[in-house]
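Single-letter residue listing:
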Amino acid sequence: MSEPSIVRVELGARSYDIEIGAGLIAQAGARVRRFATRAAVVTDANVAALHLDALMRSLAAAGVEAHAIVLPAGEGQKSFAGLQDLCGRLLDLGVERRDVIVALGGGVIGDLAGFAAGVLKRGVDFVQVPTTLLAQVDSSVGGKTAIDTPQGKNLIGLFHQPRAVIADLDALATLPARQMRAGYAEVVKYGLIDDPDFFAWCEANGARVLAHDRAALLHAVRASIAAKARIVAEDERESGARALLNLGHTFAHALETSAGYDETLLHGEAVAAGMALAFRLSARLGLCSAEEARRVSAHLESAGLVCDMRRLAGGPFVPARLIETMLHDKKSEGGRMTLILARGIGRAFVQKNAPEAAVRALLEAETAIAA
Ligand code: GLY
């Protein structure tokens, strides 16, 4: 088996490595053993059926005493009730500060288990073992943890960096095609933010990534993680550059809030539509060309991601409701929206005080039914 590829997140005393490669879940025990001799593994029922045995065997072989908590699958777990339940179960297991919590799963498990690790006994170490493309290239890296509330997604949470991230590419082999596509939206995001060459690489190789071509997948995951690690190291708490990682996300969170936090509209699907909207808004504002906005949508659509709000799952979407949610976004200041806009592909920037009237006009045009 080849050596894993390693990307380091440089955060001083809280720096950590992200390992990317094949067969890593079966080797995770030795890595976890560097941090603790006792572990609580948090996962969901779907992931448990596929990967829990391998992880538990590896932990046992490395001399780590481990207990598993298997939660129901789904975004619904990312709630106050879900957090309370998980913290109660971790306390019942007798988890101590010197132990480690291992989050085995997608973004929901990583966000929830990371949050629980951050607040349990005022902070317990945790290790992310992301099993979806979206979690590997985005949510497992950078220490954001959160739950959802009726007011919006991820509005309650904290920064709690993992001690390590173990991204096993083999875990993606069983991922449904829809989940691969949703994760791929976050891969494309890194090209759109500041790397036009990577976006061009995606245009040429996206189909290979989605078809699980190993070399293409490794390149996509590694390049995405390296881009994220660089931005997080520069701005851990999102006072500047990290906000760029939210390209398309203010639109996306509003779409998801409207669709409901179920499987109707996956986060990555909403992000794809949100990025297309951010580029169309940028084109309307004269910041980038209509041709570039079309190129963004064309690539996302070619990957099977819907960029037309009239065809997007979870609709119909009501512009006024979307705007209401967008105004509650974490980046809003003084009741004014902050959006990530673009001067072109690979030239995203943070726009404070974004023109609400232009957003409204865009959303009305995007949702209008042709006569
Ligand atoms: N997913 C955006 C961030 O981690 O900042």
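This text follows the structure it describes.
Just so it is clear, the model here is predicted, and its values are computed rather than measured.

Broken down by element type, the protein chain carries 13 helices and eleven strands. Here the C-alpha atoms of the protein chain give a radius of gyration of 20 Å, agreeing with the 21 Å that 2.2 N^0.38 yields for 371 residues. Each of the three principal axes of the protein chain carries a C-alpha extent, and together these read 65 × 40 × 40 Å. Surface exposure of the protein chain reaches about 14500 Å², of which carbon and sulfur atoms provide 52%. Computing the positive centroid from 40 side-chain charges and the negative centroid from 42, the protein chain places the two 3 Å apart.

Here we take up the site of the ligand. Neighbouring the ligand are the residues D138, K144, K228, E238, R242 and L245. In this structure, an oxygen atom belonging to the ligand sits 2.9 Å away from a side-chain N or O atom of K144. Here an oxygen atom of the ligand sits 2.7 Å away from a polar atom, N or O, in the side chain of R242.

Interhelical geometry of helix α7 (residues 196–210) versus helix α11 (residues 290–302) gives an angle of 40° and a closest axis separation of 10 Å. On the basis of the axis angle, α7 is oblique to α11. The two elements α7 and α11 cross, and the hand of that crossing is left-handed. The segment α7 lies against α11, with F199, A200, C202 and E203 engaging R295, V296 and H299. Looking at side-chain class alone, the contact of α7 with α11 contains four nonpolar, one polar and two charged residues.

Spatially, seven strands are ordered β1-β2-β9-β6-β5-β3-β4 in an open sheet, and the strand pairing comes out mixed. Among the strands making up the open sheet, the edge pair consists of β1 (5–9) and β4 (65–71). Between one strand axis and the next, the sheet turns through 20° on average, direction left out of account. As paired strands, strand β6 (residues 125–130) and strand β9 (residues 164–168) are joined by two bridges and run parallel to one another. Each bridged residue has a counterpart across the sheet, and for V127 the counterpart in β9 is A164. Packed onto the sheet, helix α2 (residues 45–61) meets β3 (38–44), β4 and β5 (100–105) and runs at close to 160° relative to β3. Its contacts with the sheet put helix α3 (residues 80–92) on β3, β4 and β5, and the angle it makes with β4 is roughly 155°.

A turn of α-helix holds 3.6 residues, and therefore any two residues three or four places apart point the same way. For α7, spanning 15 residues, the distance from its first C-alpha to its last is 20 Å, which sits close to the expected 21 Å at 1.5 Å a residue. Considering bend angle alone, the principal kink of α7 is centred on A204 and spans about 60°. Inspection of α7 places F198, F199, W201, C202, N205, G206 and V209 among the buried residues, and these make up the whole buried set. For α7, the secondary structure elements touched by its buried residues are α6 (177–194), α8 (214–234) and α11. Looking at the residues trailing α7, positive phi occurs at H212, about 70°.

A few words on the packing of aromatic side chains. Any aromatic ring pair is given by two values, namely how distant the centres are and how the planes are angled relative to each other. Per the counting criterion, the structure on display carries one aromatic pair. Both rings, one in F198 and one in W201, keep their centres 5.7 Å apart while their planes meet at 10°; by these two values the pair is stacked. Of this pair, F198 and W201 both sit in helix α7, three residues apart, which is roughly one turn of the helix. Note that K189 overlies the ring of Y190, its terminal NZ or CZ placed 5.3 Å from the centroid. When the ring centre of F349 is taken as reference, the NZ or CZ atom of R343 above it lies at 3.8 Å.

Criteria and cut-off values
Residues numbered from 1 in each chain as written. Predicted model: local features only at pLDDT ≥ 70, side-chain atom pairs only at ≥ 80, totals over all residues. Heavy atoms only, no water. Helix = DSSP H or I, 4+ residues; strand = E, 2+ residues; numbered from the N terminus. Rg over C-alpha atoms; globule rule 2.2 N^0.38 Å. Areas by Shrake-Rupley, 256 points an atom, 1.4 Å probe, with all protein chains shown as cover. Lys, Arg positive; Asp, Glu negative; His and termini not counted. Charge placed at Lys NZ, Arg CZ, Asp CG, Glu CD. Near = heavy atom within 4 Å. Polar contact = N/O pair within 3.5 Å; in protein donor to acceptor, adjacent residues only side chain to side chain. Axes fitted to C-alpha atoms, helices over the stretch in contact; angles between N-to-C directions. Parallel < 35°, antiparallel > 145°, perpendicular 65-115°, else oblique. Left-handed = near helix turned anticlockwise from the far one by under 90°. Contact = heavy atoms within 4.5 Å. Nonpolar A, V, L, I, M, F, W, Y, C, P; charged D, E, K, R; others polar. Pairing = 2+ DSSP bridges. Expected span 1.5 Å × (residues − 1). Bend = angle between axes of the 7 residues up to and from the residue. Buried < 20%, exposed > 50% of the residue type's maximum accessible area, 1.4 Å probe, protein only. Phe/Tyr/Trp six-rings, centres within 6.5 Å; stacked < 30°, edge-to-face > 60°. Lys NZ or Arg CZ within 6 Å of the ring centre and 35° of its normal.

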